[in-house]
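Observations on the three-dimensional arrangement
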Amino acid sequence: MRSALTLADVEEAARRRLDPAVWDFIAGGAGEERTLRANVEAFRKVRLRPRVLAGAGRPDTATRILGRTWAAPVAIAPVAYHTLADPAGETATAEAAGAVGVPLVVSTFAGRSFEDVAAVATAPLWAQVYCFRDREETRRLVERAERAGVEALVLTVDAPHLGRRHRDLRNGFRLPDGIAPANLSGADYSSPSGHAAAEFDPALDWSVVGWLRSVSRLPVLLKGILSAEDARQAVAAGADGIVVSNHGGRQLDGVPATLEVLAEVAGAVAGACPVLLDGGVRRGADVLAALALGADAVLLGRPVLHGLAAGGREGAERVLRIVVDELVDAMGLAGIGSVAEAGPALLWDGPRPAAAAVPGALAAPVAPAGSTAPGGGLGMADLHPSLSDPVLDTMNFLNDITRRYPRAISFAPGRPYDEHFETEQIFDYLRRYLDHLEERGFTPEQRREALFQYGPTRGQIRELIADWLRAEEDVDVPVDSIVVTVGCQEAMALALRALISGPEDVMLVASPCYVGITGAARILDIRLAAVAEREDGFDPAELEAVVREQRALGRRPRAFYVVPDHANPSGNTMSLANRHALLELAGRLDLLVLEDSPYRLVSPGRQLPTLKSLDRDRRVVQLGSFSKTLFPGARVGYAVADQPVAGAGLLADELTKLKSMITVNTSPLSQAAAAGMLLAGEGRLAEINAEAIAHYEGAMRVTLKALDEHLPEPRRSALGVRWNKPSGGFFLTLNVPFRADDAALARSAEEFGVIWTPMSYFYPLGGGEHAIRLSTSYPTHAELEEGVARLARFIESESGSASASGSAS
Ligand code: PMP
């Protein structure tokens, strides 16, 4: 039965029951009073747009977060010591949460142990984690939580700036006897604010996310994010969720209410992970307002403790039911039937839906939340969120630097060697292709059409490509499994679009990884999961663990994208053993493999077999490029997709359908020129590329030799500098002892006249801060030698300043 009470009634009952100092402790929460008031007041300013005759029936409040269904988009916030409100503490709260079907986030400072709470919990349990100065304490906490069955970690990232808790200072508040943190050992916790200042790590940076991942397999949410910049960083660092929270109050005048920054943060995250809002929720309508502004769910803190204080387990349950019932009412008044329908159109001041939602009509498009440009122009919030993602800007800073320092030697561009191209040759190639058509019986009209007309979407040089694949790649596939694309880049985009069927599908990529695939995934709103790359490719056990972890989160890994030979950016090559292991795993885990190998046929000596040539059960989709083996100006690539699709034809047919709506067909003129060049090599690329291969081989040799000369042992080890020794391709990885970021690159260009690419650009989920990508393909050998000499001087200088600043701190 519905309760006639409101949360204000419950709050009043709790106030009467509790000792005034304890009341103040709970009322103060972990934050600054002003901030807490501002959070509540921000909700009061939101007006929702009432709608009538929506025909939605009783609204459904269920929602899915991190692969689990919650009865409502509400979880219980991490609040310390529920034992202050009721002796049963968090176990009573967990029972209440279970009865309603919403999760409980157990505080680091819980009064009951994870084990006790887990024993009674029937809804998801998450654990909130502070990062202590003593990392071992944090590690123990996390391991204990994970062992007890907690499903996610919520790392509080604004705690080093904890508010001053004025009321507790005034009251001289100490925890009453018998109230203690049940999951921590050591330290004196009786004065919570003193403890926070003394023991929380004040020097946390984004690497803490990687650290937490190294000690736990659980998803990590970051709590305390208040800006789009930090939200993007959080996603880049690999966060599985974000909690907008101004927990600490930060003592900053004018810290915004959480609701005020929600739209900005949600816009920046753009669906990459769930966004939760914490602070100020006091009514069901507040939950709906938060959803309308972009939250996936809210955290409810103090009201639950009030319920607990006023009526124990039943009191806490009553509070949750009041909020859910009020949410149902609010959804009904707003005319929506499910949580998924909540968006900015619900706001009185939000974008107006174009027309009434007549049954059967298309839903009105909802504009993204966030600010638009003043004066009616375009703002970034009006455009697709990927446009604000740094991955789409990766090369801009580099291009900028290259323009500003034209005399610097650049190890940045991955361009092919082009000395052997001659402009007039392009006419020969076209001629050759036309002759080839004539030999095959094409009439003059058909030849004219082959150059001037729209061509077949799947491409017109597929037979030549199929013959070449058989001759040089040991890949024997039917012509119908080939689609000619606008570079490999289009093949990637088509494969991603086709293979991702819904929001729970994920694409696996190596880390570091070629930005072409991560950028394409971003613009298609495709979620990525990373598998660390190693010198021999990858660790099969890690791939398996990542797949299982993703499945445990309710996600479906679809395919693993790899560059098996002389990879961009690392230069590493997958061993033969790992190629076999990958195919075996793909079969066992029901994954596809996307193989992209543009460098193998411009590398010296015998190459390892392609994954596709080893593929016995059609697990491999090959994404091909002729940019390195023919010429990049053609923009010709291809996909080999011989996978049968039940009830349809081959996957290649489905890629063709997509292509017909993106590029219609690859330019016939380009295909003709590329085919002419292939014909000039009598269907093989080895001969055509002999000169280029010799150049690349020499370039890699010269670069490695110069590195050895300028950074000899034992100096190299003393500095902490290492590099790999690729047997081919364009790239190598140089590990350095300092942060190789944009600022370091700017110093390198300006003071030492040498440009390179920060490896961090290629880490889809953060990492690579101490590595550099060197590309050797484009400079002359003399430039490479001089470039390495400059680079060595730059490294010496940075290492000197790194150790100087290290000793100073
Ligand atoms: N894949 C990888 C691994 C690459 O390094 C590159 C080019 N730098 C490409 C694909 C791009 O291929 P295309 O020019 O055919 O689009």
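Right above here is the structure, for reference.
Residues numbered from 1 in each chain as written. Predicted model: local features only at pLDDT ≥ 70, side-chain atom pairs only at ≥ 80, totals over all residues. Heavy atoms only, no water.

**Things to note about helix H21 (residues 576-589)**
Cut-off, in case you're wondering: Helix and strand definitions here come from DSSP, where helices need a minimum of 4 consecutive H or I residues and strands a minimum of 2 consecutive E residues; each element is numbered from the N-terminal end. How far a helix is expected to stretch is found by multiplying one less than its residue total by 1.5 Å. Relative accessibility under 20% of the residue-type maximum defines a buried residue, over 50% an exposed one, and the middle range a partly exposed one, all with a 1.4 Å probe and only protein chains included.
Taking 1.5 Å per residue, 14 residues should reach 20 Å; H21 reaches 20 Å between its end C-alpha atoms and fits that length. Buried within H21 are the following residues: Asn578, Arg579, Ala581, Leu582, Leu583, Leu585, Ala586 and Leu589.

**Observations concerning the packing of aromatic side chains**
This is how the line gets drawn: By convention, a stacked pair of Phe, Tyr or Trp rings (six-membered ring in the case of Trp) has centres within 6.5 Å and planes under 30 degrees apart, an edge-to-face pair has planes over 60 apart, and any other such pair is tilted. Placement of a charge over a ring requires the Lys NZ or Arg CZ to be within 6 Å of the ring centre, with the centre-to-atom vector within 35 degrees of the ring normal.
With the rule as written, the count across this model stands at 15 aromatic pairs. Geometrically, the ring pair formed by Tyr81 and Phe109 is tilted, given 6.2 Å between the ring centres and 50° between the ring planes. One end of the pair, Tyr81, is in the loop between strand S3 (74-76) and helix H4 (90-100); the other, Phe109, is in the loop between strand S4 (104-106) and helix H5 (114-120), with 28 residues separating them in the sequence. Judged by its relative accessible area of 9%, Phe109 is buried. An aromatic cluster is built from Tyr599, Tyr696, Phe730 and Phe731, whose rings are joined through pairwise contacts. In this structure, Arg415 is placed above the aromatic ring of Tyr778, and the distance from its NZ or CZ to the ring centre is 5.3 Å.

**With respect to the nonpolar core**
The criterion, for reference: Among buried residues, the Ala, Val, Leu, Ile, Met, Phe, Trp, Tyr and Cys ones that are joined through side-chain atoms within 4.5 Å form a nonpolar core. By the convention used here, residues are in contact when the closest approach between their heavy atoms is within 4.5 Å.
If you look at the biggest cluster of nonpolar residues, it comprises 107 residues, and the most contacted ones within it are Ile242, Val244, Leu259, Leu262, Leu277 and Leu288. When residues in this core are grouped by element, the largest group, 15 residues, is from helix H13 (residues 302-334). In this structure Leu288 touches Leu48, Leu327, Ala330, Met331, Ala334, Ile336, Ala342 and Leu346, once residues within four positions along its chain are discounted. If you look at the next biggest cluster of nonpolar residues, it comprises 40 residues, including Ala408, Trp723, Val754 and Ile772.

**What about the sheet that holds strand S24 (residues 771-775)?**
Backbone hydrogen bonds are what pair the strands of a sheet, in a parallel or an antiparallel way. What counts is decided by this rule: Two strands make a pair as long as DSSP finds a minimum of two bridges between them. Note on definitions: angles span 0 to 180 degrees between N-to-C directions of axes, and those axes are lines fitted to C-alpha atoms, for helices only across the stretch in contact.
Judged by pairing direction, the sheet is antiparallel, and its four strands sit side by side in the order S20-S21-S24-S23 without closing on themselves. Lying at the two open borders of the sheet, with one neighbouring strand each, are strand S20 (722-723) and strand S23 (757-758). Lying over the sheet, helix H25 (residues 690-710) contacts S20 and strand S21 (731-735), oriented at roughly 15° with respect to S21.

**Let's talk about the site of the ligand**
For the record, the criterion: By convention in this text, a residue qualifies as near a molecule or strand provided that one of its non-hydrogen atoms is within 4 Å of it. Polar contact is the term for a pair of N or O atoms within 3.5 Å; when the atoms are in protein, one must be able to donate a hydrogen and the other to accept it, and sequence-neighboring residues count only if both atoms are side-chain atoms. Each accessible area is a Shrake-Rupley result for a 1.4 Å probe, and residues are judged covered by the shown protein chains and nothing else.
Every one of the 15 residues lining the ligand counts as a neighbour, but Cys488, Asp596, Tyr599, Ser625 and Ser627 are closest to it. Residue Asn568 places a side-chain N or O atom 2.8 Å away from an oxygen atom belonging to the ligand. With respect to the ligand, the side chain of Asp596 contributes an N or O atom lying 2.5 Å from a nitrogen atom. Compared with its free state, where it exposes 400 Å², the ligand has 91% of that area covered by protein.

**Considerations on the pairing of strand S9 (residues 275-278)**
On a regular strand, each side chain points to the face opposite its neighbour's, so the side chains alternate between the two faces of the sheet. In S9, alternate side chains face the same way, and those of Val275 and Leu277 on one face and Leu276 and Asp278 on the other are all buried. Sheet topology note: the strand S8 (residues 241-244)/S9 ladder contains three bridges and is parallel. In the sheet register, Val244 faces S9, and the bridge partner there is Leu277. Two elements, S9 and strand S10 (residues 297-300), share three bridges in a ladder whose sense is parallel.

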